[in-house]
Amino acid sequence: MEDHGSPALRRLMDALPGVVLETHAHVGDATAVVERERIGDVLEFLRDDPELEFDMLTDLCAVDRLPRVPRFEVVYHLYSVPINQRVRIKARVPEDDPVIGSVVALYASADWMEREVFDLYGIRFRGHPDLRRILLYDEFEGHPLRKDYPKERRQPLVGPRN
Amino acid sequence: MTDPHFGSAPLVSDDDFERDLHTEHQILNMGPSHPATHGTVKFLIELDGETIVNLDIQVGYLHRGFEKECESGTWYQAIPYTDRLNYNSAVLANVGYCMAVEKLLSIETPERCRWLRVLAAELSRIADHLTRCGAACLELQAMTPFLYGIEARELTWDLLEALCGARVTSNYIRIGGVKHDMPADFPAACVEYIRKTRELLKDFDDVVTSNRIFVDRLKGTGVIDRETCIRYAVTGPILRSAGVPLDLRKSEPYLVYDEIDFDIPIGAVGDNYDRYLVCVEEMHQSLRIVEQCLARLEKQGPGPVNVLDPRVRWPAKGRVFNRMEELIQQFKSVTEGPRVPEGEGYFAIESANGELGFYLVADGSAVPVKVRCRPPSFINLAPMSGMLKGALLADLIPTFDFINMIGGECDR
């Protein structure tokens, strides 16, 4: 598979063969789509590899690709302070089993961001120490950033409902 | 000390102060609307006497579906929403979003536009830091420096109004350019602004920087080390106060920052006082950048401030009224908006709070699939409960002030 000139993708594919499903570097962002079950291994390798040291999980979010199958993508943006490089790792998550391993043990920043993805997309993170809603309130029904959640739907916590 | 009722034994001996008295833990609800915080957030604090044992930070009170709204309009219609992320520095969010879209479209903006963007962005950064430092003083019960800071912020916003047409929600940046060039009387107003702001910063410095109460409240409180910052992906002045000279304007220069002479201040211990000093120095550096931008723009003379790309630019009004093709193009631009080729891109700028990134996913249509804002306020707030465990309740106020969580950006 093509590494698009990114040392991170090259080393990742050499170290963990078969884990990377696709790569691309659209508009210059090195990206790898990896096996959902191996996300923890991938991030651990990228963090601990002495030549890469991706020590910062800058961003973690999800994308709803309805009607594509599998429906969701969980997207990790990593940044390495020592080598000043970025890499994007994605894992695809199906609608009927919206679960992926938590990376809180690897990156503390994943704590709140995984809670946010759980809150807004309903993707559960296996092993997260405290997976509860963060932006919305507990009584909220559904996950508003899913494409099939109507934008106009109102769910006030107090006062009349719709 | 003798007391007529208790004989000559002292009421409270020194031993009593030394003894670690056991108290029952108490749960304190602070917020979501509290006079000593500038931000809508609720703290659930478990206290042992005055010591914080546990802290749960509950955000989301200003969640208004930023991403959902952006994903239901055109690429252009998201720009006013970015204004409302951080009310102090709307231009910075405008720049971040527009540059992310430009990255997806592979557009190179004209040079004059890039200088204008840096000028407006740095003015925004000054307004943001002034609010942070001024409001921190207010919440530590120092009214005078707050008024100095807010006066300087008013001057900044007046200048932004002269440039953009609006004080707070400036909506100045466009995909592929800026709304318009600077007005003819702007350079003179800007020079006057820089002079006045430097004076106000001097006044601010005189009453605050070596003020005994201010220093005592800030020094050694809210300490965070560089490893914790990196584990939590904390960026901006908080990371720099911990001694890491990471600034996207230097590490991944965008716009024209590589042609500008400015320094990155860093702290030594990573406490609130270091954060204060870093912010004040960043304001001075931003004023330097503004001066350089102004000199460059004046030297350059008038020129195009928008790309000539029909995908994102509307045709000139005179042509719309007189020619068929331009009329059709204008109609399509307004009703459909620009189409962005299929793909994804992440672009981040150094905002006043740290790395403000936009991750955009396009499917080739005129409506974004995903507009993810990487909010520095949200991510910088996450380590706060760890920073305050074992600290006094009173330390929460300055720590929260210098994290500078902005509700609109944190909750989106």
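For every chain, the first residue of the written sequence is number 1, and numbering continues from 1 along that sequence. The lettering of chains begins at A and the numbering of ligands begins at 1, in the order of writing. Local features in this predicted model are restricted to residues whose pLDDT is 70 or higher, and side-chain atom pairs enter the listing and the counts only when it is 80 or higher, whereas totals over whole chains, interfaces and linings include all residues.

Visitor: Explanation requested: the sheet that holds strand 6 (residues 343-351) of chain B in the structure shown.
Guide: Backbone-to-backbone hydrogen bonds join strands into a sheet, with any given pair of strands oriented parallel or antiparallel. Residue and element names in this part refer to chain B. Strands qualify as paired when DSSP identifies two bridges or more between them. Only DSSP runs of H or I reaching four residues or more are called helices, and only runs of E reaching two or more are called strands; each is numbered from the N terminus. If you walk across this open sheet you meet the 3 strands as 6-7-8, and the pairing is antiparallel. Sheet topology places strand 6 and strand 8 (370-374) at the edges, where each strand pairs with a single neighbour. On average, adjacent strands in this sheet sit at an angle of 15 degrees to one another, irrespective of strand direction. Axis definition: a line fit to C-alpha positions, over the contact stretch in the case of helices; interaxial angles, taken between N-to-C directions, run 0 to 180 degrees.

Visitor: Could you clarify how one ought to interpret the interface of chain A and chain B in this entry?
Guide: How big an interface is tends to be stated in terms of accessible area lost as the parts join. Contacts here follow a simple rule: the backbone-placed C-beta atoms of the two residues must lie within 7 Å. Across the contact, 26 residues belong to chain A and 32 residues belong to chain B. At the level of secondary structure, the elements contributing two or more residues to the side of chain A that touches chain B comprise strand 3 (56-64), strand 4 (72-80) and helix 3 (110-121) of chain A. Sorting elements by how many residues they give to the side of chain A that touches chain B places strand 3 of chain A first, with 6 residues. Here the residues of the side of chain A that touches chain B sort into 15 nonpolar, 5 polar and 6 charged. By the convention adopted, Pro, Cys, Tyr, Trp, Phe, Met, Ile, Leu, Val and Ala count as nonpolar, Lys, Arg, Asp and Glu as charged, and the other residues, Gly among them, as polar.

Visitor: What exactly am I supposed to notice about the nonpolar core here?
Guide: Nonpolar side chains in soluble globular proteins tend to end up buried together. What makes a nonpolar core is a set of buried Ala, Val, Leu, Ile, Met, Phe, Trp, Tyr and Cys residues, with links drawn between C-beta atoms within 7 Å. With C-beta atoms placed from the backbone, a residue is labelled by how many other C-beta atoms lie within 10 Å of its own: buried for 20 or more, exposed for 12 or fewer, partly exposed between the two. Of all hydrophobic cores here, the largest spans 163 residues; its most connected members are A:Val117, B:Val101 and B:Ala120. Top contributing element to this core by residue count: helix 5 (residues 111-139) of chain B, with 16 residues. The contacts of B:Ala120, once residues within four sequence positions are left out, are B:Val91, B:Leu160, B:Leu163, B:Cys164 and B:Tyr172.

Visitor: Would you take a moment to explain the sheet that holds strand 1 (residues 20-24) of chain A for this structure?
Guide: All names here are of chain A. Strands sit in the order 1-2-5-4-3 across an open sheet of 5 strands; the sheet is mixed. The open sheet has two edge strands with one neighbour each: strand 1 and strand 3. If you compare each strand with its neighbour and ignore which way they point, the axes differ by 20 degrees on average. Pairing between strand 2 (residues 31-34) and strand 5 (residues 85-93): 4 bridges, direction parallel. Paired with Thr31 across the strands is Arg88, a residue of strand 5.

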